[in-house]
Amino acid sequence: MNVQALDIKVGDRIIAYCKNKRQPCTVQRLLDSTPNTITLKVSTCTRVHYRESASCVIQFHREAVVEMANLNRSLSKTI
């Protein structure tokens, strides 16, 4: 499922480039929102307590379409 970058909320799981790799990330917080861009701090960890070493800052154009991480897809492969 895809959403507009403007609609991303803290706690959402999105697919983004973090640490030079395209991977699922959890949005930790919104750092900045300008008329043109949205800056988010994300983590590749899935736990409640995020490790700072697994975090990175990403930026999207406000009108960009962002892919949500589909956790059910990985579960269906193991069944």
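Preceding this paragraph is the structure being described.
Residues numbered from 1 in each chain as written. Predicted model: local features only at pLDDT ≥ 70, side-chain atom pairs only at ≥ 80, totals over all residues. Heavy atoms only, no water.

Undergrad: Break down the state of the cysteines for me, with residues and values.
TA: For the structure shown, the criterion picks out one disulfide. Disulfide pairing places Cys18 opposite Cys56 at an S-S distance of 2.0 Å. On the criterion of sequence distance, the pair formed by Cys18 in strand S2 (residues 13-18) and Cys56 in strand S5 (residues 55-61) is long-range, its members being 38 residues apart. Owing to a relative accessible area of 1%, Cys18 belongs among the buried residues under this scheme. Free cysteine Cys25: the closest other cysteine sulfur is in Cys18, separated by 4.6 Å. (Disulfide = S-S within 2.5 Å. Helix = DSSP H or I, 4+ residues; strand = E, 2+ residues; numbered from the N terminus. Buried < 20%, exposed > 50% of the residue type's maximum accessible area, 1.4 Å probe, protein only.)

Undergrad: Describe in detail the sheet that holds S5, supporting the description with residues and values.
TA: The strand order across the open sheet formed by four strands is S2-S3-S4-S5, and the pairing between neighbours is antiparallel. The two strands at the open ends of the sheet, each matched to only one other strand, are S2 and S5. For this sheet, the mean inter-axis angle between neighbouring strands, taken without regard to orientation, is 55°. Direction of pairing for S2 relative to strand S3 (residues 21-33): antiparallel, over a ladder of six bridges. (Pairing = 2+ DSSP bridges. Axes fitted to C-alpha atoms, helices over the stretch in contact; angles between N-to-C directions.)

Distances and angles like these do not, on their own, reveal function.
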